[in-house]
Structure formats: structure tokens, C-alpha cells
Amino acid sequence: MTELAGLLLVRHGQSVGNVANDNARAAGAHRLELDHRDADTPLSESGVGQARAVGAWLGGLPEDARPTVWLTSPYRRAADTATAALEAAGDTAPGGGAGGPGLLTDERLRERDLGILDGFTGRGIRERYPEEAERRDRIGKFYYRPPGGESWTDVLLRVRYLLTDLRQQYAGERVCVFSHQAVIMCFRVALEQLDEEEVLRVDREDPLPNCSVTIYRQRQLAPRQHRPGRHESVGHHPGSAGLELHSYADTTAVERGHAPTTRESPSGNEEAAR
């Protein structure tokens with residue numbers, strides 16, 4: 001089996017959308033006050049600081065732990081996080097120094113599309129689209145697809161396709177991905193075989209902080225004794241290689257950089273979060 005040597009998943013820094021979402025919920029408003037479409041939502045000042053802190057941490061990693069491939073969502077808040085992080089990492093990071101491979105963009109890493117619910121708070125959805133709020137409660141967050149938007153399982157499908165491509169194109173490489181909360185949670189489903197109840201519990205009880213780092217490392221299991229199959233030679237004992245979770249939602253980089261740690265509150269982690 002071809003496998004990555006490691007995978008680092010970085011959520012984007014705090015965006016002005018995150019700030020607007022917090023403000024709207026605190027005010028009991030129905031909609032976020034934003035002048036940008038979701039794809040163009042920039043980082044807040046705190047988000048820029050978080051991105052630089054992550055970059056400084058990445059630049060300080062030992063050579064055998066440093067990413068060798070860099071990918072980002074095309075959405076501005078993620079792409080700007082990646083760019084600021086690579087600049088802060090300096091010449092020690094590919095893409096930050098002359099001659100290194102650049103930052104790659106993959107649309108499969110984009111944020112989940114919320115369709116007609118985009119920009120609404122949970123309260124706004126219940127007031128404006130009560131039938132959709134009822135349908136979401138009935139179907140559940142994992143499988144619910146808003147009109148014109150995506151379910152978590154839709155996001156999971158593109159994450160699975162992306163993982164297949166990454167394993168084929170970058171076997172043995174350490175890949176760093178800058179993306180979004182729902183996308184990173186879907187990586188956990190794909191890599192750890194979490195079920196609906198497990199992933200929603202984690203998302204509810206431990207929501208992903210901005211610029212937190214989730215790390216997977218290659219696992220090599222000891223070869224096991226077995227009878228050779230039709231296409232195996234005698235004495236061939238294939239071990240089971242894969243990626244295993246090393247750390248989840250780690251904010252060490254942000255804290256070391258003296259940037260604020262920000263996240264959605266567990267009770268308010270609803271559709272409008274950006």
C-alpha cells in the first residue's frame with residue numbers, strides 16, 4: 001500500500017466571518033454582517049497572528065518532521081493562512097525559500113457549502129427556514145444537506161478522493177494541508193473510521209480551534225504469520241501500513257507565538273460558523 005509519511009491538518013486562522021458569527025450570536029441576530037462571499041472572507045487581525053505563529057512553529061520543526069508538500073483550500077481565509085505561515089517559516093520551509101516547491105491549491109479542500117443557509121445564524125435559520133431546521137434536526141447534522149449546499153458526507157466524499165490522490169502522488173512525503181473545520185473532521189472520519197456518533201461528539205465537545213494542528217503519522221504493524229495467497233510468494237508477510245492520529249486540535253504553535261486561541265463555542269457551533 002502506498003502511504004504518506006505524515007499528514008498535518010491546519011485549520012485556518014480566525015476569520016472576520018468567525019468574528020461576525022460570534023457577534024451575531026451574542027446580539028441574537030438572524031444574519032452575519034459581512035460584505036464578502038464565503039470564499040472571499042479574509043482573516044481577522046488575530047487570525048493573521050495565529051497564522052504567523054503556526055509558521056514559526058513549522059519552521060522550527062526538525063528536518064525529518066518538516067512537511068515536504070503544502071496544500072491549501074482555495075478559500076481566502078485558508079490560503080492567506082497558508083501564505084502567512086510559509087512566510088513566517090522562512091527559508092526552512094519549502095515554498096518559503098528560493099527554489100522550493102510552491103503552495104498547491106486544491107478545490108476539494110474548500111469549506112462545506114451551506115447553500116441557502118449561508119450567512120444565517122442558528123436562530124436565523126429557525127426563524128427564516130423553520131422547515132429546514134426541523135429537517136436538519138430529524139436527519140441529523142452529519143447527513144443533512146441544505147438546499148443548494150452540501151452535507152458532511154458530501155465533504156467526506158471529496159476528502160476520500162483527495163486522500164487517494166495524495167497517496168498515489170506523494171507516497172513517502174509529509175503533507176501539510178490548510179483547510180476548514182468540517183473538512184478536517186471529515187479527514188478524521190476517513191482516516192480513523194469514526195462513525196456518525198463519534199465524529200459529532202468530538203465536534204460538539206472539542207470544537208477545532210483556529211490554526212490548531214492535527215497530526216497523523218505513518219503506522220507500521222509487525223508482520224503477521226499467514227498462509228500465502230494465490231498472488232503471494234512463500235515467505236512474503238505484508239505488514240499493514242496506514243496513518244494513525246498523533247495529536248488532535250493542538251494549539252501549541254499558537255500559544256508559543258503568543259497569539260489568542262479562538263474557537264466556536266460548543267453550544268453555538270451551527271451552520272453559520274466560518
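This text goes with the structure placed above it.
Residues numbered from 1 in each chain as written. Predicted model: local features only at pLDDT ≥ 70, side-chain atom pairs only at ≥ 80, totals over all residues. Heavy atoms only, no water.

> Could you give an account of the overall build of the protein, naming the residues involved and the relevant values?
Looking only at helices and strands, one finds 9 helices and 6 strands in the protein. Buried residues in the protein amount to 51% of all 274 residues. On the protein, roughly 13100 Å² of surface is accessible, and the fraction owed to carbon and sulfur atoms is 46%. (Helix = DSSP H or I, 4+ residues; strand = E, 2+ residues; numbered from the N terminus. Buried < 20%, exposed > 50% of the residue type's maximum accessible area, 1.4 Å probe, protein only. Areas by Shrake-Rupley, 256 points an atom, 1.4 Å probe, with all protein chains shown as cover.)

> Could you give an account of the side chain of threonine 72, with specific residues and numbers?
Mapped onto the secondary structure, threonine 72 falls in strand E2 (residues 69-72). One polar contact links the side chain of threonine 72 to the main-chain carbonyl oxygen of alanine 78, over a distance of 3.4 Å. (Polar contact = N/O pair within 3.5 Å; in protein donor to acceptor, adjacent residues only side chain to side chain.)

> Give me the lowdown on the nonpolar core, citing residues and values where you can.
Ranked by internal contacts, the top residues of the largest apolar core, which has 35 residues, are Leu7, Trp152, Val159, Val175, Phe187 and Val199. Counting only elements with at least two residues in this core, the list comes to strand E1 (6-11), E2, helix H6 (152-169), strand E4 (174-179), helix H7 (181-192), helix H8 (196-205) and strand E6 (241-250). At 9 residues, the largest contribution of residues to this core is made by H7. Setting aside residues no more than four positions away along its own chain, valine 175 makes contact with Leu4, Gly6, Leu7, Leu8, Val69, Leu71 and Tyr170. (Core = buried A, V, L, I, M, F, W, Y, C linked by side-chain atoms within 4.5 Å. Contact = heavy atoms within 4.5 Å.)

> So what's going on with H8? Which residues, and what values?
Here H8 has its buried residues at Val199, Leu200, Val202 and Asp203. Mapping the buried residues of H8 onto a view down its axis gives an arc of 160°, with all of them on the same face. For H8, the exposed residues set more than 90 degrees away from the buried face come down to Glu197 and Glu205. Put simply, aspartate 195 is the residue that caps the front of H8, since its side-chain oxygen is 3.3 Å from the backbone nitrogen of glutamate 197. (Arc of directions from axis to C-beta.)

> An account of helix H5 (residues 130-139) is needed here, citing residue identities and associated values.
Note that an α-helix has 3.6 residues per turn; residues three or four places apart therefore point the same way. Taken residue by residue, H5 has Glu132, Ala133 and Arg136 as its buried positions. Viewed along the axis of H5, the buried residues span an arc of 105°, placing them on a single side of the element. Residues Asp137 and Arg138 are exposed on H5 and point more than 90 degrees away from its buried face.

> So what's going on with the side chain of serine 247? Which residues, and what values?
Residue position: serine 247 is located in strand E6. The class of serine 247 is buried, set by a relative accessible area of 15%. Ignoring any residue separated from it by four or fewer positions in sequence, one finds serine 247 in contact with Val213, Thr214 and Ile215.

> Hey, could you go over the environment of glutamate 197 for me, with residue numbers and the actual values?
Relative to the assigned elements, glutamate 197 resides in helix H8. For glutamate 197, a relative accessible area of 65% corresponds to the exposed category. Considered as a pair, glutamate 197 and phenylalanine 142 are 55 residues apart in the sequence and their alpha carbons are 8.9 Å apart.

> Can you explain the pairing of E1? Please cite residues and give values.
Summarising burial for E1: 6 of the 6 residues are buried, a large majority. A two-sided burial pattern is seen for E1, the buried positions comprising Gly6, Leu8 and Val10 on one face and Leu7, Leu9 and Arg11 on the other. In this sheet, E4 lies alongside E1 in parallel orientation, the contact comprising 6 bridges. Within the sheet, the bridge partner assigned to valine 10 lies in E4 and is phenylalanine 178. In this structure, E1 lies alongside strand E5 (residues 213-220), joined through 5 bridges in antiparallel fashion. Residue pairing for E5: valine 10 is matched across the bridge by valine 213. (Pairing = 2+ DSSP bridges.)

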